[in-house]
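Here's the letter readout for the chains.
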Amino acid sequence: MSDKFTQFEFDAGRETFVKAGVKVVTLIKRFAGWLLSSVTLVILAYVAFSLFFSTDVERRLRREIRMYEKLYPELLEKQELIGDAIAAMQYKDNGVYERIFHSTVPEADPMESLRRLSGRDTIPENRLVLYTLEKADALLESKVAVDAAFDNIFRALSDSSLVLPPMILPLESVTYPQVGASVGSKMNPFYQAYVNHEGLDLIALRGTPVFATSDGVVRQVSRSRMGGIVVEIVHDGGYETAYKHLESASVHAGQTVRAGARIGTVGMSGKSFAPHLHYEVRRNGVPQDPVNYIFASVAPLEYVNMLYVSVNTKQSMD
(Lines give C-alpha, C1' and ligand atoms only; values in the text may rest on other atoms or scores of the structure.)
Protein backbone atom coordinates (compact mmCIF):
# COMPACT_ATOMS: atom_id res chain seq x y z
CA MET A 1 0.00 0.00 0.00
CA SER A 2 1.38 3.47 -0.95
CA ASP A 3 2.18 6.19 1.59
CA LYS A 4 -0.56 8.40 0.11
CA PHE A 5 -3.33 6.08 1.26
CA THR A 6 -1.66 4.59 4.39
CA GLN A 7 -3.08 5.95 7.59
CA PHE A 8 -2.24 2.96 9.89
CA GLU A 9 0.68 0.55 10.03
CA PHE A 10 1.36 -2.81 11.86
CA ASP A 11 3.69 -2.67 14.88
CA ALA A 12 5.37 -6.11 15.03
CA GLY A 13 6.72 -5.54 18.53
CA ARG A 14 3.31 -4.86 19.98
CA GLU A 15 1.52 -7.02 17.39
CA THR A 16 -1.07 -4.35 16.70
CA PHE A 17 -1.91 -1.56 14.21
CA VAL A 18 -0.86 2.02 15.11
CA LYS A 19 -1.43 5.33 13.36
CA ALA A 20 1.25 6.04 10.74
CA GLY A 21 3.35 9.25 11.03
CA VAL A 22 3.81 11.73 8.17
CA LYS A 23 7.22 11.41 6.52
CA VAL A 24 9.37 14.49 5.62
CA VAL A 25 9.63 13.43 2.00
CA THR A 26 5.89 13.29 1.75
CA LEU A 27 5.58 16.80 3.19
CA ILE A 28 8.12 18.16 0.73
CA LYS A 29 6.31 16.56 -2.18
CA ARG A 30 2.97 17.94 -1.05
CA PHE A 31 4.40 21.49 -0.60
CA ALA A 32 6.11 21.39 -3.99
CA GLY A 33 2.90 20.31 -5.66
CA TRP A 34 0.95 23.08 -3.96
CA LEU A 35 3.55 25.71 -4.89
CA LEU A 36 3.66 24.58 -8.52
CA SER A 37 -0.11 24.66 -8.76
CA SER A 38 -0.26 28.16 -7.25
CA VAL A 39 2.39 29.57 -9.60
CA THR A 40 0.69 27.99 -12.59
CA LEU A 41 -2.65 29.50 -11.59
CA VAL A 42 -1.07 32.97 -11.13
CA ILE A 43 0.61 32.80 -14.56
CA LEU A 44 -2.60 31.69 -16.22
CA ALA A 45 -4.54 34.49 -14.49
CA TYR A 46 -1.95 37.12 -15.55
CA VAL A 47 -2.00 35.90 -19.17
CA ALA A 48 -5.78 35.96 -19.24
CA PHE A 49 -5.88 39.43 -17.67
CA SER A 50 -3.30 40.74 -20.14
CA LEU A 51 -5.20 39.36 -23.12
CA PHE A 52 -8.62 40.60 -22.17
CA PHE A 53 -7.94 43.66 -19.97
CA SER A 54 -5.77 46.78 -20.45
CA THR A 55 -4.43 49.25 -17.89
CA ASP A 56 -4.63 53.02 -18.32
CA VAL A 57 -0.93 53.16 -19.14
CA GLU A 58 -1.26 50.49 -21.82
CA ARG A 59 -4.25 52.21 -23.38
CA ARG A 60 -2.38 55.54 -23.41
CA LEU A 61 0.69 53.92 -24.97
CA ARG A 62 -1.42 52.30 -27.66
CA ARG A 63 -3.02 55.65 -28.49
CA GLU A 64 0.40 57.31 -28.72
CA ILE A 65 1.69 54.54 -30.98
CA ARG A 66 -1.29 54.97 -33.31
CA MET A 67 -0.74 58.73 -33.31
CA TYR A 68 2.98 58.34 -34.11
CA GLU A 69 2.19 55.91 -36.92
CA LYS A 70 -0.15 58.49 -38.40
CA LEU A 71 2.08 61.54 -37.90
CA TYR A 72 5.41 60.04 -38.92
CA PRO A 73 4.75 60.11 -42.70
CA GLU A 74 3.52 63.70 -42.42
CA LEU A 75 6.64 64.67 -40.48
CA LEU A 76 8.89 63.16 -43.14
CA GLU A 77 7.10 65.09 -45.87
CA LYS A 78 7.22 68.35 -43.93
CA GLN A 79 10.88 67.78 -43.10
CA GLU A 80 11.69 67.56 -46.80
CA LEU A 81 9.65 70.69 -47.55
CA ILE A 82 11.32 72.60 -44.72
CA GLY A 83 14.74 71.47 -45.87
CA ASP A 84 14.06 72.74 -49.38
CA ALA A 85 12.61 75.99 -48.02
CA ILE A 86 15.60 76.60 -45.73
CA ALA A 87 18.03 75.91 -48.57
CA ALA A 88 16.20 78.38 -50.84
CA MET A 89 16.00 81.02 -48.12
CA GLN A 90 19.69 80.60 -47.29
CA TYR A 91 20.61 81.00 -50.95
CA LYS A 92 18.56 84.19 -51.24
CA ASP A 93 19.81 85.51 -47.91
CA ASN A 94 23.41 84.93 -48.97
CA GLY A 95 22.77 86.86 -52.18
CA VAL A 96 21.26 89.82 -50.35
CA TYR A 97 24.02 89.80 -47.71
CA GLU A 98 26.80 89.75 -50.31
CA ARG A 99 25.11 92.46 -52.36
CA ILE A 100 24.65 94.80 -49.41
CA PHE A 101 27.77 94.11 -47.33
CA HIS A 102 30.09 93.10 -50.19
CA SER A 103 31.48 90.20 -48.20
CA THR A 104 30.87 86.53 -47.70
CA VAL A 105 28.27 85.38 -45.22
CA PRO A 106 29.75 84.35 -41.84
CA GLU A 107 29.51 80.70 -40.92
CA ALA A 108 26.68 79.71 -38.59
CA ASP A 109 25.80 76.43 -36.94
CA PRO A 110 22.14 75.65 -37.75
CA MET A 111 22.08 72.83 -35.18
CA GLU A 112 23.16 75.02 -32.26
CA SER A 113 19.62 75.55 -30.96
CA LEU A 114 18.90 71.82 -31.06
CA ARG A 115 21.66 71.12 -28.56
CA ARG A 116 19.54 72.76 -25.90
CA LEU A 117 17.23 69.77 -26.07
CA SER A 118 20.00 67.26 -25.39
CA GLY A 119 19.42 67.26 -21.66
CA ARG A 120 15.65 67.45 -21.71
CA ASP A 121 14.88 63.75 -21.91
CA THR A 122 12.10 64.17 -19.35
CA ILE A 123 9.82 65.88 -21.87
CA PRO A 124 7.10 63.45 -23.08
CA GLU A 125 7.62 62.39 -26.68
CA ASN A 126 4.09 63.30 -27.70
CA ARG A 127 4.70 66.91 -26.61
CA LEU A 128 7.92 67.03 -28.62
CA VAL A 129 6.11 65.65 -31.67
CA LEU A 130 3.27 68.16 -31.39
CA TYR A 131 5.75 70.99 -30.80
CA THR A 132 7.71 69.94 -33.88
CA LEU A 133 4.52 69.85 -35.94
CA GLU A 134 3.56 73.35 -34.83
CA LYS A 135 7.02 74.66 -35.63
CA ALA A 136 6.98 72.96 -39.03
CA ASP A 137 3.60 74.47 -39.89
CA ALA A 138 4.77 77.92 -38.76
CA LEU A 139 7.94 77.66 -40.86
CA LEU A 140 6.02 76.59 -43.94
CA GLU A 141 3.56 79.45 -43.49
CA SER A 142 6.32 82.02 -43.02
CA LYS A 143 8.19 80.69 -46.06
CA VAL A 144 5.61 82.27 -48.36
CA ALA A 145 6.02 85.68 -46.72
CA VAL A 146 9.81 85.42 -46.72
CA ASP A 147 9.88 84.43 -50.40
CA ALA A 148 7.67 87.38 -51.25
CA ALA A 149 9.92 89.73 -49.26
CA PHE A 150 13.03 88.45 -51.05
CA ASP A 151 11.29 88.83 -54.41
CA ASN A 152 10.48 92.44 -53.56
CA ILE A 153 14.08 93.08 -52.49
CA PHE A 154 15.56 91.63 -55.68
CA ARG A 155 12.98 93.45 -57.79
CA ALA A 156 13.78 96.74 -56.07
CA LEU A 157 17.55 96.25 -56.36
CA SER A 158 17.28 95.51 -60.08
CA ASP A 159 15.14 98.59 -60.70
CA SER A 160 17.30 101.36 -62.16
CA SER A 161 14.89 103.97 -60.82
CA LEU A 162 15.34 102.79 -57.22
CA VAL A 163 16.08 105.62 -54.80
CA LEU A 164 18.24 104.50 -51.90
CA PRO A 165 17.95 106.33 -48.58
CA PRO A 166 20.96 107.98 -46.87
CA MET A 167 22.85 104.86 -45.79
CA ILE A 168 26.44 105.86 -45.05
CA LEU A 169 27.86 107.23 -41.82
CA PRO A 170 28.29 111.01 -41.52
CA LEU A 171 31.61 110.46 -39.73
CA GLU A 172 34.56 108.37 -40.84
CA SER A 173 35.42 105.13 -38.96
CA VAL A 174 32.72 105.37 -36.31
CA THR A 175 32.71 102.60 -33.69
CA TYR A 176 29.96 101.73 -31.26
CA PRO A 177 31.55 103.47 -28.20
CA GLN A 178 31.03 106.74 -30.12
CA VAL A 179 27.30 106.15 -30.44
CA GLY A 180 25.00 107.99 -28.06
CA ALA A 181 21.25 108.36 -27.69
CA SER A 182 19.01 107.90 -30.67
CA VAL A 183 15.38 108.81 -31.39
CA GLY A 184 12.95 108.69 -28.48
CA SER A 185 12.27 110.14 -25.05
CA LYS A 186 15.69 110.98 -23.57
CA MET A 187 16.93 112.90 -20.55
CA ASN A 188 18.05 116.39 -21.59
CA PRO A 189 21.34 117.27 -19.82
CA PHE A 190 20.39 120.95 -19.51
CA TYR A 191 16.74 120.71 -18.43
CA GLN A 192 17.12 117.43 -16.48
CA ALA A 193 13.82 116.27 -17.93
CA TYR A 194 12.78 113.76 -20.56
CA VAL A 195 12.24 115.37 -23.96
CA ASN A 196 11.75 114.02 -27.47
CA HIS A 197 15.12 113.41 -29.12
CA GLU A 198 14.84 113.35 -32.93
CA GLY A 199 18.31 112.29 -33.99
CA LEU A 200 21.39 110.19 -33.28
CA ASP A 201 24.29 111.52 -31.21
CA LEU A 202 27.74 110.60 -32.53
CA ILE A 203 30.61 111.51 -30.20
CA ALA A 204 33.76 112.85 -31.89
CA LEU A 205 36.56 115.35 -31.36
CA ARG A 206 36.08 118.98 -32.38
CA GLY A 207 37.18 119.53 -35.95
CA THR A 208 36.38 115.96 -37.09
CA PRO A 209 35.12 116.10 -40.71
CA VAL A 210 31.40 115.60 -41.30
CA PHE A 211 30.21 114.08 -44.60
CA ALA A 212 26.93 114.06 -46.53
CA THR A 213 25.27 110.66 -46.23
CA SER A 214 23.70 110.71 -49.71
CA ASP A 215 23.53 112.77 -52.90
CA GLY A 216 21.40 115.86 -52.49
CA VAL A 217 21.02 119.62 -52.43
CA VAL A 218 21.79 121.80 -49.42
CA ARG A 219 18.52 123.38 -48.39
CA GLN A 220 19.99 125.76 -45.85
CA VAL A 221 22.88 126.46 -43.54
CA SER A 222 21.65 128.14 -40.38
CA ARG A 223 22.58 128.96 -36.82
CA SER A 224 20.25 128.73 -33.86
CA ARG A 225 20.45 128.91 -30.09
CA MET A 226 19.55 125.24 -29.69
CA GLY A 227 21.09 123.48 -32.69
CA GLY A 228 24.07 125.77 -33.23
CA ILE A 229 25.43 125.62 -36.79
CA VAL A 230 23.13 123.34 -38.80
CA VAL A 231 23.39 121.98 -42.35
CA GLU A 232 20.21 120.58 -43.90
CA ILE A 233 20.28 118.54 -47.12
CA VAL A 234 17.36 117.42 -49.29
CA HIS A 235 17.67 114.01 -51.01
CA ASP A 236 15.61 112.11 -53.56
CA GLY A 237 12.77 109.93 -52.36
CA GLY A 238 11.48 112.45 -49.83
CA TYR A 239 14.52 112.10 -47.55
CA GLU A 240 16.15 114.96 -45.63
CA THR A 241 19.19 114.93 -43.36
CA ALA A 242 20.33 117.45 -40.78
CA TYR A 243 23.77 117.88 -39.16
CA LYS A 244 23.74 119.95 -35.96
CA HIS A 245 26.18 121.49 -33.43
CA LEU A 246 28.84 121.92 -36.14
CA GLU A 247 31.95 123.93 -35.49
CA SER A 248 32.00 125.05 -39.11
CA ALA A 249 30.10 124.52 -42.37
CA SER A 250 31.86 124.22 -45.73
CA VAL A 251 28.73 124.28 -47.98
CA HIS A 252 26.05 126.84 -48.76
CA ALA A 253 22.34 126.80 -49.53
CA GLY A 254 21.50 125.53 -53.03
CA GLN A 255 24.79 123.67 -53.42
CA THR A 256 24.64 120.14 -54.88
CA VAL A 257 26.63 117.61 -52.89
CA ARG A 258 27.55 113.99 -53.49
CA ALA A 259 27.47 111.21 -50.94
CA GLY A 260 30.67 111.38 -48.90
CA ALA A 261 31.31 115.07 -49.63
CA ARG A 262 32.65 117.06 -46.70
CA ILE A 263 30.06 119.54 -45.44
CA GLY A 264 31.57 120.75 -42.14
CA THR A 265 33.29 119.77 -38.90
CA VAL A 266 32.16 118.48 -35.52
CA GLY A 267 31.76 121.07 -32.78
CA MET A 268 29.60 121.94 -29.80
CA SER A 269 27.78 125.02 -31.02
CA GLY A 270 24.34 125.74 -29.61
CA LYS A 271 23.20 123.80 -26.55
CA SER A 272 25.65 120.90 -26.63
CA PHE A 273 26.84 118.99 -23.58
CA ALA A 274 30.11 117.94 -25.29
CA PRO A 275 31.58 117.87 -28.82
CA HIS A 276 29.39 115.62 -30.93
CA LEU A 277 27.36 115.46 -34.12
CA HIS A 278 23.58 115.39 -33.82
CA TYR A 279 22.48 113.58 -37.01
CA GLU A 280 18.84 113.49 -38.16
CA VAL A 281 17.02 111.65 -40.96
CA ARG A 282 13.51 112.56 -42.07
CA ARG A 283 11.27 111.13 -44.75
CA ASN A 284 8.39 113.25 -45.97
CA GLY A 285 8.92 115.39 -42.89
CA VAL A 286 8.62 112.48 -40.42
CA PRO A 287 11.66 111.86 -38.16
CA GLN A 288 13.30 108.48 -38.69
CA ASP A 289 15.76 106.64 -36.46
CA PRO A 290 19.16 107.18 -38.15
CA VAL A 291 20.57 103.99 -36.64
CA ASN A 292 18.22 102.04 -38.92
CA TYR A 293 19.98 103.47 -41.99
CA ILE A 294 23.64 102.80 -41.22
CA PHE A 295 23.70 98.98 -41.15
CA ALA A 296 25.34 98.79 -44.59
CA SER A 297 28.30 100.92 -43.48
CA VAL A 298 29.58 98.78 -40.61
CA ALA A 299 30.24 95.13 -39.84
CA PRO A 300 27.23 93.15 -38.54
CA LEU A 301 28.59 92.75 -34.99
CA GLU A 302 29.52 96.43 -34.84
CA TYR A 303 26.04 97.38 -36.00
CA VAL A 304 24.42 95.18 -33.34
CA ASN A 305 26.46 96.96 -30.67
CA MET A 306 25.56 100.37 -32.12
CA LEU A 307 21.89 99.47 -32.11
CA TYR A 308 22.05 98.28 -28.50
CA VAL A 309 23.88 101.39 -27.27
CA SER A 310 21.61 103.83 -29.12
CA VAL A 311 18.46 102.24 -27.71
CA ASN A 312 19.71 101.90 -24.12
CA THR A 313 21.39 105.31 -23.77
CA LYS A 314 18.82 107.29 -21.79
CA GLN A 315 20.49 110.75 -21.86
CA SER A 316 21.09 112.81 -24.94
CA MET A 317 23.96 115.27 -25.42
CA ASP A 318 21.82 118.20 -26.53
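Everything in this summary refers to the structure shown in the same document. Throughout this description, residue numbers start from 1 for each chain and increase along the sequence as written. A pLDDT threshold of at least 70 governs which residues receive local features in this predicted model, and a stricter bar of 80 or more applies before side-chain atom pairs are shown or counted, although totals over entire chains, interfaces and linings include all residues. Note that the side-chain values use all heavy atoms of the structure and ignore hydrogens as well as water.

### As for the overall build of the chain
Phase 1 of the analysis: Along its length, the chain carries 4 helices and 13 strands.
Phase 2 of the analysis: For the chain, the residues scored as buried account for 28% of the 318 residues in total.
Phase 3 of the analysis: By the convention used here, residues are in contact when the closest approach between their heavy atoms is within 4.5 Å. Of the contacts made within the chain by residues no fewer than 6 positions apart, 65% connect residues no fewer than 24 positions apart.
Phase 4 of the analysis: Residue-level accessible areas treat just the shown protein chains as cover; the underlying method is Shrake-Rupley with a 1.4 Å probe. As presented, the chain carries roughly 21,100 Å² of accessible surface, and 60% of it is formed by carbon and sulfur atoms. Starting at the N terminus, helices and strands are each numbered in turn, a helix being any DSSP run of H or I of at least four residues and a strand any DSSP run of E of at least two. Only protein chains enter the area calculation, which uses a 1.4 Å probe; residues under 20% of their type maximum are buried, those over 50% are exposed, and those in between are partly exposed.

### Observations concerning the environment of V286
Phase 1 of the analysis: Within the secondary structure layout, V286 lies in strand β13 (residues 286–288).
Phase 2 of the analysis: Residue class for V286 comes out partly exposed when judged on its relative accessible area of 46%.
Phase 3 of the analysis: Placed 88 residues apart in sequence, V286 and E198 show a C-alpha to C-alpha distance of 9.8 Å.

### Looking at the side chain of E302
Phase 1 of the analysis: Within the element layout of this structure, E302 appears in helix α4 (residues 300–312).
Phase 2 of the analysis: In this tally, Asp and Glu contribute negative charge and Lys and Arg positive charge; neither His nor the terminal groups of the chain are included. We define a salt bridge as a side-chain nitrogen of Lys or Arg found within 4 Å of a carboxyl oxygen belonging to Asp or Glu. Of the buried charged residues, E302 lacks a salt bridge, with K186 as the closest side chain of opposite charge at 18 Å.
Phase 3 of the analysis: When near neighbours in sequence (up to four residues on either side) are disregarded, E302 contacts V174, T175 and Y176.

### Some points on a negative patch on the surface
Phase 1 of the analysis: Together, E74, E77, E80 and D84 make up a region of like negative charge exposed at the surface.
Phase 2 of the analysis: Residue placement: E74 occurs in helix α2 (residues 56–101).
Phase 3 of the analysis: Using a relative accessible area of 35% as the deciding quantity, one classes E74 as partly exposed. Like-charged residues within 9 Å of one another, or nonpolar side chains (Val, Leu, Ile, Met, Phe, Trp, Tyr) within 5 Å, are grouped into patches, provided each residue has over 30% relative accessible area and no salt bridge. We put the charge of a Lys on NZ, of an Arg on CZ, of an Asp on CG and of a Glu on CD.

### Things to note about the nonpolar core
Phase 1 of the analysis: Residues enter a nonpolar core if they are buried and are Ala, Val, Leu, Ile, Met, Phe, Trp, Tyr or Cys, with the set joined through side-chain atoms within 4.5 Å. Core analysis: the largest hydrophobic core is formed by 30 residues, its most contacted members being L171, V210, V231, I233, Y243, I263 and L277.
Phase 2 of the analysis: When contributions to this core are tallied by element, the ones reaching two or more residues are β5 (200–203), β8 (228–234), β9 (239–249), β11 (262–266), β12 (276–283) and α4.

### Some words on the packing of aromatic side chains
Phase 1 of the analysis: In summary, the pairing rule links any two rings of Phe, Tyr or Trp, Trp by its six-membered ring, whose centres are within 6.5 Å, and it sorts them by plane angle into stacked for under 30 degrees, edge-to-face for over 60 and tilted for everything else. By the definition in use, this model includes 3 aromatic pairs.
Phase 2 of the analysis: Between K271 and the ring centre of F190, over which it is positioned, the NZ or CZ distance is 5.0 Å. By the criterion adopted, a ring carries a charge over it if an Arg CZ or a Lys NZ lies within 6 Å of its centre and within 35 degrees of its normal.

### Observations concerning the environment of E125
Phase 1 of the analysis: The residue E125 is located in helix α3 (residues 125–158) in this model.
Phase 2 of the analysis: Between the C-alpha atom of E125 and that of E64, which follows or precedes it by 61 residues, the distance is 9.1 Å.

### Re the layout of surface pockets
Phase 1 of the analysis: Here a cavity means grid points, on a 1 Å grid over the protein atoms only, where a 1.4 Å probe fits yet cannot get out; a pocket means an open set of points with protein on both sides within 12 Å along at least five of seven lines; lining residues are those with an atom within 4 Å of a point. Grid points are joined across faces, edges and corners, and a volume is the space filled by probe spheres set on the points. One number sums up the size of the second largest pocket: a volume of about 780 Å³.
Phase 2 of the analysis: L162, V163, L164, P165 and M167 are the residues nearest the centre of the second largest pocket, which is lined by 30 residues in total.
Phase 3 of the analysis: When contributions to the lining of the second largest pocket are tallied by element, the ones reaching two or more residues are α2, α3 and β7 (216–224).

### Some words on the pairing of β9
Phase 1 of the analysis: As defined by bridge partners, β8 adjoins β9 across 5 bridges and the pair is classed as antiparallel. Note that in β9 the partner of V234 across the bridge is E240.
Phase 2 of the analysis: For two strands to count as paired, DSSP must find a minimum of two bridges between them. The turn joining β8 and β9, which pair antiparallel and follow one another in sequence, is formed by 4 residues; a positive phi near 80 degrees is taken by G237.
Phase 3 of the analysis: The sheet contact formed by β9 and β12 spans 6 bridges and is antiparallel. Bridge pairing in β12 places T241 opposite V281.
Phase 4 of the analysis: Looking at chain direction, β9 and β11 are connected through 3 bridges and run antiparallel.

### Regarding α3
Phase 1 of the analysis: Taking 1.5 Å of rise per residue, the 34 residues of α3 would be expected to cover 50 Å, and the 48 Å separating its terminal C-alpha atoms lies within 8% of that figure.
Phase 2 of the analysis: Those residues of α3 that fall on the buried side of the exposure criterion are V129, L133, A136, D147 and F150. By this rule, a helix spans an expected 1.5 Å times one less than how many residues it contains.

### Some thoughts on unusual backbone geometry
Phase 1 of the analysis: Unusually for a residue other than glycine, Q192 sits at a positive phi of about 55 degrees.
Phase 2 of the analysis: On the secondary structure map, Q192 appears in the loop between β3 (184–188) and β4 (193–197).
Phase 3 of the analysis: Positive phi outside glycine occurs at N284, with the angle close to 55 degrees.
Phase 4 of the analysis: Positionally, N284 belongs in the loop between β12 and β13.

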